[in-house]
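A closer look at the structure
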Amino acid sequence: MRDGAVKRDGAVKKRVRRRRDWHAYLFIGPSLLGVLAFLLLPMVIVFVLSFFHWELLSPPTFAGLDNYRRLAGDGESWHSLGITVVYVLLCIPLQTVLALVLALLLNQPIKGVKVFRSLFVVPWMATPIVMGLVWNWIFDPRDGAINSALAVIGVTGPDWLSDATWALPAVALVNVWQYTGYNMLFFLAGLQGIPRELYDAAATDGATPRQRFWRVTLPLLNPTMFFVMVTNLIGAFQVFDTVFVMTNGGPSQSTEVINFKIFGTAFREFDFGYASTLSMLLFAVILAVTLVQVRFFGKRTTYDMS
């Protein structure tokens with residue numbers, strides 16, 4: 001009798017579990033369809049197209065590995081990838097450090113802290129196209145805000161967006177300005193999730209504020225740091241709209257990032273097969289960088305703060 005009751009209870013629990021699973025699938029179904037239709041399926045199509053010659057107006061013709069052989073000897077495309085790497089290195093470290101510093105400051109019980117938190121997030125809410133137009137004026141060599149401010153102290157500012165030396169740092173600065181406040185929110189949430197008791201215990205043991213930061217705060221922020229670094233790196237490698245509005249890839253291709261090169265190959269040269277090959281190169285680079293981050297943070301991250 002007891003065995004029969006146990007089996008019936010087990011069957012009931014399985015049915016309840018299946019019903020819950022189906023309810024969960026119903027809720028995540030629309031998102032899964034979106035991922036399938038707008039992410040996975042386009043990736044498959046681009047991968048297939050990378051083995052074809054296609055000029056849009058004529059039918060695709062199978063090219064085998066011709067596009068990949070062309071890529072191996074295409075100095076311009078590798079130059080664009082190098083420009084993208086430099087752009088990422090200009091953006092991510094500064095952006096991450098500033099976001100963490102802001103989060104530490106705005107995690108203090110100061111008057112009007114909620115207003116400051118909101119103000120720092122406002123740039124992220126603007127579209128990159130609008131931000132590019134505004135910063136075009138700010139970087140204007142004659143009437144722009146930056147050179148006008150430098151002129152007050154007797155310094156002649158450069159022609160920011162027309163100078164091959166300064167154009168890429170200027171575009172990177174816009175990215176840092178726009179996304180620092182957004183990343184600050186994640187660090188702020190991470191800081192507020194660290195139990196206060198850990199700081200009290202560290203202080204009781206005689207730890208200085210600096211030691212508490214390096215031994216308590218930073219290690220427990222690893223999950224947040226992991227998320228911020230992965231998403232920011234993926235976004236930075238795919239930068240396009242800010243470059244398109246501010247410099248159009250110039251001057252002298254000094255800001256022609258790989259996404260801009262893909263755009264030009266596809267919609268100016270109408271070589272969609274080779275553009276797909278460049279897209280696969282970008283995908284491979286992003287995947288490799290992401291896997292390195294996963295391996296780096298995986299052994300250093302704990303999600304249990306209880």
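These numbers come from a predicted model, not from an experiment.

1. Examining the overall build of the protein
Helix and strand counts for the protein stand at 13 helices and 2 strands. Computed over the C-alpha atoms, the radius of gyration of the protein is 25 Å, more than 25% above the 19 Å expected from 2.2 N^0.38 for a compact globule of 306 residues. Pairs at least 24 residues apart make up 68% of the contacts formed inside the protein by residues separated by at least 6 positions. In the form shown here, the protein has an accessible surface area of approximately 18,700 Å², with 68% of it arising from carbon and sulfur atoms. Looking at charge distribution, the protein has the averaged site of its 25 positive side-chain charges lying 19 Å from that of its 19 negative ones.

2. Regarding the pattern of salt bridges
A full pass over the atoms with the stated rule returns 4 salt bridges. A salt bridge links Asp66 to Arg69, with the nearest nitrogen and oxygen atoms 2.9 Å apart. Of this pair, Asp66 and Arg69 both sit in helix H2 (residues 66-72), separated by 3 residues, roughly a single helical turn. Since its relative accessible area comes to 38%, Asp66 is described here as partly exposed. The exposure class assigned to Arg69 is exposed, which follows from its relative accessible area of 56%. The closest approach of N and O atoms between Glu76 and Lys261, which form a salt bridge, is 3.1 Å. Of this pair, Glu76 sits in helix H3 (residues 75-106) while Lys261 sits in helix H12 (residues 258-267), and the two are 185 residues apart along the sequence. Overall, the relative accessible area of 8% leaves Lys261 in the buried class.

3. Considerations on the environment of Thr247
Among the secondary structure elements, Thr247 is positioned in the loop between helix H11 (241-246) and H12. Sequence-distant contacts of Thr247, that is, excluding residues within four places in its chain, are made with Leu161, Val171 and Thr255.

4. Some details on the side chain of Thr242
Mapped onto the elements, Thr242 comes out in helix H11. Note on Thr242: relative accessible area 8%, which makes it buried. Other than its neighbours up to four places away in sequence, Thr242 contacts Pro128, Val171 and Val174.

5. Re the packing of aromatic side chains
Within the structure shown, the criterion is met by 22 aromatic pairs. On the basis of an interplanar angle of 15° and a centroid distance of 4.4 Å, the ring pair of Trp124 and Tyr182 is categorised as stacked. With Trp124 in helix H4 (residues 113-125) and Tyr182 in helix H7 (residues 167-192), this pair connects stretches of sequence that are 58 residues apart. Every member of this aromatic cluster is reached through a ring pair, and the members are Trp54, Phe240, Phe244, Phe260, Phe263, Phe267 and Phe272. One cation-aromatic arrangement involves Arg70 over Tyr274; the distance from NZ or CZ to the ring centre is 3.7 Å.

6. Some thoughts on H7
Taking 1.5 Å per residue as the helical rise, H7 with its 26 residues ought to reach 38 Å, and the 38 Å between its terminal C-alpha atoms agrees with that figure. The axis of H7 is deflected most strongly, by about 35°, at Tyr179.

7. As for the packing of H12 against helix H13 (residues 272-298)
Direction vectors running N to C along H12 and H13 enclose 165°, while the axes themselves pass 8 Å from each other. Accordingly, the angle class assigned to the pair H12 and H13 is roughly antiparallel. For H12 against H13, the interelement crossing comes out left-handed. Here H12 contributes Ile258, Asn259, Lys261, Ile262, Thr265, Ala266 and Phe267 to the contact with H13, which in turn contributes Phe272, Tyr274, Ala275, Leu278, Ser279 and Leu282. In terms of residue class, the contact of H12 with H13 is built from 9 nonpolar, 3 polar and 1 charged.

8. Notes on the environment of Asp159
Tracing the backbone through its elements, the reader meets Asp159 in the loop between helix H6 (145-152) and H7. Judged by relative accessible area, Asp159 falls into the partly exposed class, the value being 33%. Once the C-alpha coordinates of Asp159 and Ala99 are considered, the two residues, 60 residues apart in sequence, prove to be 29 Å apart.

9. Thoughts on the environment of Ile258
Within the element layout of this structure, Ile258 appears in helix H12. With 71 residues separating them along the chain, Ile258 and Phe187 place their C-alpha atoms 30 Å apart. Leaving out residues up to four positions away in the same chain, Ile258 has contacts with Ser77, Ser80, Leu81, Thr84, Phe237 and Leu282.

10. So, the packing of H7 against helix H10 (residues 222-237)
Where H7 meets H10, the closest approach of the two axes is 9 Å, and the angle between their N-to-C directions is 165°. Classified by the interaxial angle, the pair formed by H7 and H10 is roughly antiparallel. The way H7 lies across H10 gives a crossing that is right-handed. Only Thr224, Met225, Phe227, Val228 and Asn232 of H10 make contact with H7, whose side of the interface consists of Asn183, Phe186, Phe187 and Gly190.

Procedures and definitions
- Position numbers for residues start from 1 in each chain and track the written sequence from start to end.
- The predicted origin of the model limits local features to residues at a pLDDT of at least 70 and limits the giving and counting of side-chain atom pairs to 80 or more, whereas totals for whole chains, interfaces and linings rest on all residues.
- Side-chain measures here rest on the full set of heavy atoms in the structure, leaving out hydrogens and waters.
- Helix and strand assignments follow DSSP, with helices taken as H or I runs no shorter than four residues and strands as E runs no shorter than two, numbered in order from the N terminus.
- This radius of gyration counts C-alpha atoms alone. The globule rule is 2.2 Å times how many residues there are, raised to the power 0.38.
- Contacts are residue-level and defined by heavy atoms, with any inter-residue pair within 4.5 Å sufficient.
- Values of accessible area rely on a 1.4 Å probe in the Shrake-Rupley scheme; residue burial ignores everything except the protein chains shown.
- In this tally, Lys and Arg are treated as positive and Asp and Glu as negative; His is ignored, and so are the chain termini.
- To locate a charge, the coordinates of NZ of Lys, CZ of Arg, CG of Asp or CD of Glu are taken.
- The term salt bridge refers to a pairing of a side-chain nitrogen on Lys or Arg with a carboxyl oxygen on Asp or Glu at a separation within 4 Å.
- Exposure categories follow from relative accessible area, calculated using a 1.4 Å probe and restricted to protein chains: below 20% of the type maximum is buried, above 50% is exposed, and the middle band is partly exposed.
- Pairs were defined over the aromatic rings of Phe, Tyr and Trp, the Trp ring being its six-membered one, requiring ring centres within 6.5 Å. Orientation was assigned from the angle between planes: stacked under 30 degrees, edge-to-face over 60, tilted for the rest.
- Comment: the charge-over-ring label is applied if NZ (Lys) or CZ (Arg) is within 6 Å of the ring centre and within 35 degrees of the ring normal.
- Under the convention used throughout, the expected extent of a helix is 1.5 Å for every residue step, that is, one less than its residue count.
- Two axes enter the definition of the bend at a residue: one is fitted to the seven residues ending there, the other to the seven starting there, and the bend is the angle between them.
- Every axis corresponds to a line fitted to the C-alpha atoms, with the helix fit spanning only the stretch in contact, and the corresponding angles, defined between N-to-C directions, vary from 0 to 180 degrees.
- Just so you know how the angles are binned, under 35 degrees is roughly parallel, over 145 roughly antiparallel, 65 to 115 roughly perpendicular, and the rest oblique.
- Handedness of a crossing follows from how the near helix is turned relative to the far one, being left-handed for an anticlockwise turn of less than a right angle and right-handed for a clockwise one.
- Polar here means any residue outside two lists: the nonpolar Ala, Val, Leu, Ile, Met, Phe, Trp, Tyr, Cys and Pro, and the charged Asp, Glu, Lys and Arg; Gly therefore counts as polar.

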